[in-house]
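Architecture and fold: a report
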Amino acid sequence: MTVTVLAEKPSQAKDYAEAFQYVSKKDGYMEVNDNRFFQGKTYITWGFGHLVELVSPESYSDSWKQWNLESLPIFPETFQFQVSKDKQKQFNVVKQLLKETDEIIVATDSDREGENIARSIIKMAGAVNKPTKRLWINSLEVDEIQNGFKQLKDGNNYISLYKEAQTRQLSDWLVGMNASRLYTLLLQQNGMKGAFSVGRVQTATLYLLYKRQREIENFVSKPFFELISNVCVKNGSFDAKVKTRYQTKDDAINILDSHSLSSGENQGTIQQVTKEQKKTKAPRLHSLSTLQATANKNWKYSPSDVLKIAQSLYEKKLLSYPRTDSHYITDSEFGYLKSHLSNYQSCLNVTVDIVYPEARKSYVDGTKVQEHYAIIPTKQVPNKQDLTDKEWDIYQEVVARTLAMFAGDYEYEETKVEVDVKGLCFERTGKVKQAKGWKALFAEKASDTKNEAEQDNTILPSMKEGESCNVDIDISEGKTKPSRAYTQGQLINVMKHAGKEINDEALQQTLKQNEGIGTEATRASIIDTLKKQQYIEIRKNKVSVTKKGEILCQAVEGTILASPEMTAKWETYLHKIGQQKGSQEQFIVKIKEMLESLIDRAPEKMKTLEPQFQEAKEAIEIGKCLVCGEKGGRIEDKGKFYGCTRYKDGCTFTLPKNFLGKTISKSNTQKLLQGDKTNLIKGFKSKKGNIFDAYLRYDDTEQKLIFQFQKG
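Here we summarise the structure given alongside this text. Sequence positions are assigned chain by chain, starting from 1 and proceeding in written order. Reporting in this predicted model follows two pLDDT cut-offs: at least 70 for local features of residues, and 80 or more for side-chain atom pairs to be given and counted; totals over whole chains, interfaces and linings ignore these cut-offs and use all residues. Note that the side-chain values use all heavy atoms of the structure and ignore hydrogens as well as water.

Here a cavity denotes a set of grid points, spaced 1 Å apart and computed over the protein atoms alone, in which a 1.4 Å probe fits but from which it cannot get out, and a pocket denotes an open set meeting protein on both sides within 12 Å along at least five of seven lines; residues with an atom within 4 Å of a point are reported as lining. Grid points are joined across faces, edges and corners, and a volume is the space filled by probe spheres set on the points. In this structure, the second largest pocket encloses a volume near 1600 Å³. Lining of the second largest pocket is provided by 44 residues; of these, Gln534, Asp637, Lys638, Gly639 and Lys657 occupy positions nearest its centre. Per the convention used, a helix needs a DSSP run of H or I reaching at least four residues, while a strand needs a run of E reaching at least two, with both numbered from the N terminus. Where the lining of the second largest pocket is concerned, the elements lending two or more residues are helix H6 (200–217), helix H16 (523–532), strand S17 (536–539), strand S18 (542–545), helix H17 (547–556), helix H20 (610–620), strand S19 (621–624) and strand S20 (634–637). When its residues are assigned to classes, the lining of the second largest pocket shows 13 nonpolar, 12 polar and 19 charged. Note on residue classes: Ala, Val, Leu, Ile, Met, Phe, Trp, Tyr, Cys and Pro are nonpolar, Asp, Glu, Lys and Arg are charged, and everything else, Gly too, is polar.

Structure (structure tokens):
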């Protein structure tokens, strides 16, 4: 019998081949003769990710080639697929092998998308009637690969995953092709320039960011007043306050008056002292999203970088499969982790007291492991010098989080004190660290801020209930603060927990079950797409929505595209398709109905946005072009640079947004366009690495930016 193993990419095929004996490399495939696993001819071949892709609209009809509103909606009668030209040679190799084989082993990535990649290739090759087996593994270590090939699954059990992924693919194509053209054309009619990409997850995510940004911009800070005090007892003093906040100073004074108190010294009594021993157990094992959020917090790594690094460590056989949403492992993984504890500790140069040598349900629960288990180290331990700095950061974070599962709890004593001053209660909570436990593994993390360290060691003086004390009362004024802009790491969690944005309890539960909007594997790429489309900017790790992004959000506001509710409904039904309880055809019909409604209503919505369009035009325009300004050329914000509106007429004048490591602000760019020098810009970095301060000016003769230095 002839067997063909279909891998997702060449590196994966190479890893499989290393697990077998007698492998010979051919053009586009490998031949294996290893009777421990296979009887007869065996070939390993591969794709390059998506060998097969959906065709573009113009392939269906000439009328869909040009973008115009009259051609919408774009609904193909039957979806067509093609092999991209640069991958045709490899596809021909795969097709020939699949045609000649008796059995196919699907060995693409063990997830929904991997199943879609494999089945799309098999279908395009005309091999859908061939029997299939499925390789389903979580590690690329040789023994894991060998065990996987000894325990192959029935391929038919995974076809529903393919249907689910393909339905998502078709739906996203329909939404993208129709909604992107619809809003691009309508916005261009209103003076907006460029194309506007619209997508099921990306637009809902963008709108979540827009809502947060609008809340921050519209926030009005309000004063509040608190009653604070310094309490002196026999053995020392401490600060305490009344829990209530008051809107005015008079309100706080009235409370004091009602208790016959005044600012300054008063007599009080220690009414209650409560001491409690508390423990905090180690955090859950990492899923991809928690690893992305942690790495962004500690090292400012972007989510997509974290995924790439984790994938690299997976391919180096050091970490388990990274695209997982699970925080649990099974008894099998726990067993090998436990047997390799000394190696992990040596690798990190730490010593851990093994307080929990047995499996605990918070971490080890096979019933909660579905497609993949949590991200954990493999049995193989690297040398630090063999990894890049970023790889080492991610690897040691995963290992430390894994070791924490075996380490002792973080223990502290919490003391709560209530001070009675003529019936008014002042409170204070103190916290004394007693055992670092698992936290010792993370002692050097950047997230251990000074404020957190102070909270961990707030030691109160010894005192007894009923003890008299002097209480120096004061009225403190503060101001409410707006929410902060999301960081990239926080944005991952915002997407994951987008159910908080929905009022419908059933839909909230859906998002909870399906881990929010997007998937563990796609959230990083969605953020990258929003950056690429110039809808968001990342500055000092903070995410902000650009004017282009704001305009799109205003255009889709009130539609299902702007709500995670849309994704919740999609995820519910897609999940049913994966469980063989739903129909692809029925789902596509619903998507088409939604798009028809969108196309019908969107033009009317645009009429209400004229003031916003004018504001956006003014925000995008910087000033008059220094080359063709007399001919009407204006300089606009082009995203990564400032450029002329007459570039199609041949004007190539541009000004950079970043120059020698410094961002050139809009106001400074306007000065340059007016012939003035900029404000003093500090911190330019020359090619030789020298740091200096200077003004910038545009030299018309040399047609470039030049420096002007401070005198003296």
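Structure's up, so let's keep going.
Our next topic: the packing of helix H8 (residues 288–299) against helix H12 (residues 389–404). At a minimum axis distance of 11 Å, the contact between H8 and H12 shows a crossing angle of 120 degrees. Here H12 runs oblique to H8, going by the angle between their axes. When the axes of H8 and H12 are compared, the crossing they make is right-handed. When H8 is examined against H12, the residues Leu291, Thr294, Ala295, Asn298 and Trp299 are found in contact with a partner set consisting of Asp393, Ile394, Gln396, Glu397, Val398 and Arg401. All axes here are fitted lines through C-alpha atoms, helices being fitted over the stretch that makes contact, and every angle between N-to-C directions spans 0 to 180 degrees. We call two directions roughly parallel when the angle between them is under 35 degrees, roughly antiparallel when it is over 145, roughly perpendicular when it lies between 65 and 115, and oblique otherwise. Crossing handedness is read from the near helix: turned anticlockwise from the far helix by less than a right angle, it gives a left-handed crossing, and turned clockwise, a right-handed one. When checking whether two residues touch, look at their non-hydrogen atoms; a contact exists if any pair is within 4.5 Å.

Let's shift gears to the packing of aromatic side chains. Side-chain rings of Phe, Tyr and Trp (the six-membered ring for Trp) are treated as a pair once their centres are within 6.5 Å; stacked means planes under 30 degrees apart, edge-to-face means over 60, and tilted covers the remaining angles. Per the stated rule, a full pass over the model turns up 27 aromatic pairs. Taken together, a centroid distance of 6.1 Å and an interplanar angle of 65 degrees make the contact between Tyr60 and Trp64 edge-to-face. This pair shows no difference in class: Tyr60 is buried, exactly as Trp64 is. Each ring, one from Tyr314 and one from Tyr321, has its centre 5.5 Å from the other, and the planes form 85 degrees; the classification is edge-to-face. Put simply, the rings of Tyr16, Phe20, Phe37, Phe38 and Phe149 pair up and form one aromatic cluster. The lysine or arginine in question, Lys379, covers the ring of Tyr336, its NZ or CZ lying 5.4 Å from the ring centre. Only protein chains enter the area calculation, which uses a 1.4 Å probe; residues under 20% of their type maximum are buried, those over 50% are exposed, and those in between are partly exposed. Comment: the charge-over-ring label is applied if NZ (Lys) or CZ (Arg) is within 6 Å of the ring centre and within 35 degrees of the ring normal.

Following DSSP output, two strands are said to pair if at least two bridges run between them. The strand order across the open sheet built from 3 strands is S25-S26-S27, with neighbouring strands paired in antiparallel fashion. Of all the strands in the sheet, just strand S25 (681–685) and strand S27 (704–708) have a single pairing partner and so form its edges. Each neighbouring strand pair of the sheet contributes to a mean axis angle of 65 degrees, computed without reference to strand direction.

Below, the discussion takes up unusual backbone geometry. Across the junction of Leu72 and Pro73, the peptide omega takes the value 5 degrees, indicating a cis bond. When you line up the elements, Pro73 lands in the loop between strand S5 (52–54) and strand S6 (81–83). Of note in this structure, Lys300 is not a glycine but carries a positive phi near 65 degrees. Checked against the element boundaries, Lys300 lands in the loop between H8 and helix H9 (303–315). Even without glycine at this site, Leu660 takes up a positive phi of about 50 degrees. By the secondary structure assignment, Leu660 is in the loop between strand S23 (658–659) and strand S24 (662–663).

Quick look at the sheet that holds S20 now. As summarised here, the arrangement of the 4 strands in space is S19-S20-S21-S22, forming an open sheet in which the pairing is antiparallel. Because the sheet does not close on itself, it has two edges, and the strands there are S19 and strand S22 (654–656). Direction aside, the axes of adjacent strands within the sheet are offset by 20 degrees on average. Across 3 bridges, S19 lies against S20 in antiparallel orientation. Following the sheet pairing, Gly623 is matched in S20 by Ile635.

Turning our attention to the side chain of Ser139. Looking at where Ser139 falls in the secondary structure, it is placed in the loop between strand S8 (132–134) and helix H4 (142–150). By relative accessible area, which is 2% here, Ser139 ends up buried. We call two N or O atoms a polar contact when they sit within 3.5 Å, provided that within protein one can donate a hydrogen and the other can accept it, with sequence-adjacent residues counted only if both atoms are side-chain atoms. A distance of 3.1 Å separates the side chain of Ser139 from the backbone nitrogen of Glu141, its partner in a polar contact. The residues contacting Ser139, other than those within four sequence positions of it, are Glu144, Ile145, Tyr314 and Thr378.

Once that is clear, we can look at the environment of Met594. With respect to the helices and strands, the residue Met594 is situated in helix H19 (residues 584–607). Taking the relative accessible area as the measure of exposure, Met594 reaches 16% and is therefore buried. For the pair Met594 and Ile560, spaced 34 residues apart in sequence, the C-alpha separation works out to 8.5 Å.

Time to look at the environment of Thr269. Here Thr269 lies in strand S12 (residues 264–280). Each C-alpha atom, one on Thr269 and one on Ile137, is 65 Å from the other, the two residues being 132 residues apart in sequence. In this structure, Thr269 is in contact with Glu418, Val419, Asp420, Gly466, Glu467 and Cys469, ignoring residues within four places of it in sequence.

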